[in-house]
Amino acid sequence: MATMTMIKALNTGLRHILEEDDKALIMGEDVGRLGGVFRVTDALQKDFGAERVIDTPLSESGIIGTAIGLALRGYRPICEIQFDGFVYPAFDQLVSQLAKIPNRSGGRVRLPVVVRIPYGGGIGAIEHHSESPEAYFAHTAGLKVVTCADPSDAYWMIRQAAASEDPVIFFEPKRRYHAKAEVDTAAASLGLHEARVARTGTTATLIAYGPTVDVALNAAAAAAEEGLELEVVDLRSLSPIDWEPLEASLRKTGRAIVVHEAQGTLGMGSELAARLSERCFYSLEAPVLRVTGYDVPYPASRLEDDYLPNLDRVLDAVDRSLEY
Amino acid sequence: MGSVDRPRPAKKTAKSRRKSASANEPEFVQLLTPEGQRRSHPDYDVNFTDEEYRGLYRDLVITRELDAQGTALQRQGQLGLWPSLLGQEAAQVGSGRALAPQDTVFPAYRELGVQWCRGLDVISAFSLFRGVDLGGRDTVADRFQMYEIVIASQTLHAAGYAMGVAKDGAVGGEDGEAVIVYHGDGATAEGDFNEALVWAGVFNAPLVFFCQNNQYAISEPNARQFRVPPYQRAGGFGMPGTRVDGNDVLASYAVTKAALDRARTGEGPSLVEAFTYRMQPHTTSDDATRYRDEAELDYWRAKDPILRYRSWLEAESLADADYFAAVDQEAAAEVRELRQRVMDLPDPDVTEMFDAVYVDPPAPLRAERAEAVAFRASLDEGSES
């Protein structure tokens, strides 16, 4: 057991991947000499060489497109897209190529590519550095989409993603990058696509992922002081969704509130609300509610506290749920 | 195939840039005129055996006939779409035969002639355009990657693959591996193409960009795609670019071979622009009469790649009427067999859309699959009763 930040956990995970699989590559803008703008790849180029930790041209479509070619050649690239809002130039390569080529081949070709994307707001950043584009990729068949909420998951999930034969989009909640926690590097507690009950309760279920898991846990702690026992489920995998723990939780609590930073319309919460309503209809005491970013472009950073789901908005939603 | 006797194409000499005989003709490498006259070139030549010379003719004719069958099958409702390569046979056969067995091809979607030259079963092109599958091959083992419909996307895949070849240490020497990516003139306006040139250049990837400039991106002529022709743009990305008469199978071979050898020996990427013409509409769904006239087609008919090559073979007594008749017979047999195989392609099972998306389909997808299978079964039961 060691206590480390999420950045260090990711860095350690990547280091172990490079040590164990000589076909693994890291590629992205500034990932080499600089160690990444968040230092997630710090010292990896120094230790593994510029042939394996590759500073690429400033060319996002190029990063994903060449990673596909390298994967066809037998390599296992782990790509970094520097910020969430810079992934869109690579959209064709992600959606029409990475997601579809294995299926196009009838399963004869596999593309074990990981795409790491620091995402989400709350860091006072300039435009295009605070977005939550996960739903685009969760909507795309052929991709798997995951996100970690704490250092332990960061370490294990990046390792599991790198071991996946399917392409994985790996979202890292950048405002949780510096949060410290214990990481047990001896054994993984969960599979890559399993949801985790982060706190048990009986009053209502908060469904969160990535940066909002911490928000939900804080809300649950505050609610406990008022005698409300909120269950918090960390989704972890956005595609595929691990429905069983969600359904089990709803059958117990009868109430669910989805919390995410991304805009509400057609976000992950839309799918969660629709499916859980179908599957748990007779257990529900209230409609599945959503606490999300508003349906606006991510605002100027002085307004982000109003935009982002926070403890009070989550507890207000709990109150609304309980009023049914 | 035969060897090429030439210096490196990177070496630009005043002679190699000289104008063609006619002022109206573009500047390009040509070894065989439209009239079937052999020309010499300071940088490029071919040296085939008689058998190999004849073999190129056979490839050209069979490619044309297989392609014509694609158009016919579409007209008869057997294919959903067919993108004809008519007029581009020499560019494809010349470049396709320049490939070594260890080389890897990244095609666009019109490369039936290259597929033929690779010795691969061409049925996969037809099953794709029939809608039976989406490609359905082990494209890595074939060293002929998936047909790519999105314009220029494959140029980046090729650049990455070629980077991998270099990483593997598989370049350097005559037995090195080279990668070739096929694209059109329209692709040169795409961002991915330009990014691929950057990457190939920066990483000195063993890659040949083979641009079949067939003059049109559907309806839009070259003037809507670039101000500077592709072969001249290559220099801006730090690699040599060469324009070749794409209707001249010998020049297409020689120039591509030189570019591939350059790549395989570790000298890096280059671009070949094969100047050719798409005699058919973009696809069977296109109406080319809206954007080009008969006079233009006549101009290019006079440059037909097969007629000029046949004239030359005859003039050189490399092949006689019996040989040409035998090739025609072989092509007819190939077409007959292909036609039957296309018509016999079974429709896929409903499960096929589910089973290759992921290595292990997740539970929600397995549930959808079961639903679709049950639904199909219920329809079949209904139709039986």
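Residues numbered from 1 in each chain as written. Chains lettered and ligands numbered in written order. Predicted model: local features only at pLDDT ≥ 70, side-chain atom pairs only at ≥ 80, totals over all residues.

J.: It is not clear to me how the overall build of chain A should be interpreted in this structure. Could you clarify?
T.: Broken down by element type, chain A carries 12 helices and 14 strands. Its C-alpha atoms give chain A a radius of gyration of 19 Å, near enough to 20 Å, the size a compact globule of 324 residues would have. If one aligns the C-alpha atoms of chain A with their principal axes, the spans along those axes are about 60 × 40 × 40 Å. Relative to its full complement of 324 residues, chain A shows a buried share of 58%. Sequence-distant contacts, at least 24 apart, represent 78% of the contacts inside chain A between residues at least 6 apart. (Helix = DSSP H or I, 4+ residues; strand = E, 2+ residues; numbered from the N terminus. Rg over C-alpha atoms; globule rule 2.2 N^0.38 Å. Buried ≥ 20, exposed ≤ 12 C-beta atoms within 10 Å, placed from the backbone. Contact = placed C-beta atoms within 7 Å.)

J.: Could you clarify how one ought to interpret the domain arrangement of chain B in this entry?
T.: Interfaces are often described in size by the accessible area the parts lose on coming together. Domain annotation of chain B identifies domain 1 (50-344) and domain 2 (352-384). On a C-alpha basis, the centres of domain 1 of chain B and domain 2 of chain B stand 38 Å from each other. (Domains from an automatic or database assignment.)

J.: Can you help me understand unusual backbone geometry in this one?
T.: Only a minority of non-glycine residues have a phi that is not negative, and only a minority of peptide bonds are not trans. All names here are of chain A. Note the cis peptide between Ser 239 and Pro 240, where omega equals -5°. By secondary structure assignment, the location of Pro 240 is in the loop between β12 (237-239) and α9 (243-253). One non-glycine residue with positive phi stands out, namely Arg 236, at about 65°. Tracing the backbone shows Arg 236 in the loop between β11 (230-234) and β12. For Arg 236, a count of 24 C-beta atoms within 10 Å translates into the label buried. Non-glycine residue Leu 266 carries a positive phi angle of around 55°. Take Leu 266: it is sitting in the loop between β13 (256-263) and α10 (268-279).

J.: Honestly, the pairing of β13(A) in this entry has me stumped. Any pointers?
T.: For a regular strand, the rule is simple: side chains alternate between the two faces of the sheet. Residues and elements named next belong to chain A. With 7 of its 8 residues buried, β13 lies for the most part within the structure. Pairing between strand β10 (residues 204-208) and β13: 4 bridges, direction parallel. Each bridged residue has a counterpart across the sheet, and for Leu 206 the counterpart in β13 is Ile 257. Strand direction decides the pairing type here: β13 and strand β14 (residues 289-293), joined by 5 bridges, are parallel. Counterpart to Ile 257 in the pairing with β14 is Leu 289. (Pairing = 2+ DSSP bridges.)

J.: How should the sheet that holds β11(A) be read in this particular structure?
T.: In a beta sheet, neighbouring strands are held together by backbone hydrogen bonds and run either parallel or antiparallel to one another. Residues and elements named next belong to chain A. Strands sit in the order β9-β11-β10-β13-β14 across an open sheet of 5 strands; the sheet is mixed. Strands with a single pairing partner mark the edges of an open sheet, and in this sheet they are β9 (196-199) and β14. Direction aside, the axes of adjacent strands within the sheet are offset by 25° on average. (Axes fitted to C-alpha atoms, helices over the stretch in contact; angles between N-to-C directions.)

J.: Looking at this structure, how should I read the interface of chain B and chain A?
T.: Contacts between chain B and chain A engage 36 residues on the former and 37 residues on the latter. Of all the elements in the fold, those that place two or more residues in the side of chain B that touches chain A are α5 (139-142), α6 (153-167), α7 (191-202) and α14 (363-384) of chain B.

J.: Sorry, what's going on with the domain arrangement of chain A here?
T.: Residue and element names in this part refer to chain A. For chain A, the domain assignment lists domain 1 (2-183) and domain 2 (196-323). Between the C-alpha centres of domain 1 and domain 2 there is a distance of 26 Å. Facing the 22 residues of domain 1 at the interface are 21 residues of domain 2. Counting only elements with at least two residues in the side of domain 1 that touches domain 2, the list comes to α6 (134-138), β6 (144-147) and β7 (168-173). Its residues placed into classes, the side of domain 1 that touches domain 2 shows 9 nonpolar, 7 polar and 6 charged. (Nonpolar A, V, L, I, M, F, W, Y, C, P; charged D, E, K, R; others polar.)

J.: Would you mind showing me how to read the pairing of β6(A) here?
T.: Residues and elements named next belong to chain A. Residues of β6 alternate between two faces, with Lys 144 and Val 146 on one and Val 145 and Thr 147 on the opposite face, all of them buried. By the bridge criterion, 4 bridges tie β6 to β7 in an arrangement that is parallel. Its bridge partner lying in β7, Val 146 is registered against Phe 170. In terms of strand pairing, β6 meets β12 through 2 bridges, oriented antiparallel.

J.: Please explain the nonpolar core as it appears in this structure.
T.: Across soluble globular proteins, nonpolar side chains have a tendency to be buried as a group. Membership of the largest hydrophobic core comes to 194 residues, with the highest contact counts inside it found for Leu206(A), Ala216(A), Ile257(A), Val314(A), Ala162(B), Val179(B) and Leu207(B). The element contributing the most residues to this core is helix α9 (residues 249-264) of chain B, with 10 residues. The contacts of Ala216(A), once residues within four sequence positions are left out, are Leu206(A), Ala208(A), Val232(A), Val259(A) and Val314(A). (Core = buried A, V, L, I, M, F, W, Y, C linked by C-beta atoms within 7 Å.)

J.: In this structure, what is going on with the sheet that holds β6(A)? I would like to understand it.
T.: All names here are of chain A. If you walk across this open sheet you meet the 7 strands as β3-β2-β4-β5-β7-β6-β12, and the pairing is mixed. Looking at strand neighbours, the two that pair on one side only are β3 (53-55) and β12, the edges of this open sheet. Looking at each pair of strands side by side, their axes are set apart by 20° on average, direction ignored. Seen against the sheet, helix α1 (residues 6-20) touches β2 (24-28), β4 (76-80) and β7 and runs at an angle of roughly 135° to β2. Where helix α3 (residues 60-72) meets the sheet, it contacts β2, β4 and β5 (114-119), and its direction lies at approximately 170° from that of β4.

J.: Explanation requested: helix α4 (residues 91-98) of chain A in the structure shown.
T.: Note on helix geometry: an α-helix contains 3.6 residues per turn, so any two residues three or four positions apart are oriented the same way. All of the buried residues in α4(A) are Asp92(A), Gln93(A), Leu94(A), Gln97(A) and Leu98(A). Elements in contact with the buried residues of α4(A): α3, α5 (101-104), β5 and α6 of chain A together with α6 of chain B.

J.: What is the right way to read the packing of α6(B) against α7(B) from this model?
T.: All names here are of chain B. Across the interface, α6 lies against α7 with an axial gap of 7 Å and an inter-helix angle of 15°. Here α6 lies roughly parallel to α7, going by the angle between them. Between α6 and α7 the crossing geometry is left-handed. Each of Ser 153, Thr 155, Leu 156, Ala 158, Ala 159 and Ala 162 in α6 lies in contact with α7, whose residues at this interface are Asp 192, Phe 193, Glu 195, Ala 196, Trp 199 and Ala 200. (Parallel < 35°, antiparallel > 145°, perpendicular 65-115°, else oblique. Left-handed = near helix turned anticlockwise from the far one by under 90°.)

J.: Would you explain the confidence of the model for chain B in this entry?
T.: Atomic detail in the predicted coordinates should be set aside for any region of low pLDDT. All names here are of chain B. Chain-level statistics for chain B give a pLDDT mean of 93 and a share of 93% at 70 or above. Confidence drops under a pLDDT of 50 for residues 1-22, and excluding neighbours within four residues, the segment shows 42 contacts in the predicted structure. Across the interfaces of the predicted complex, the ipTM metric reaches 0.96, alongside a pTM of 0.95. (pLDDT = per-residue confidence, 0-100.)

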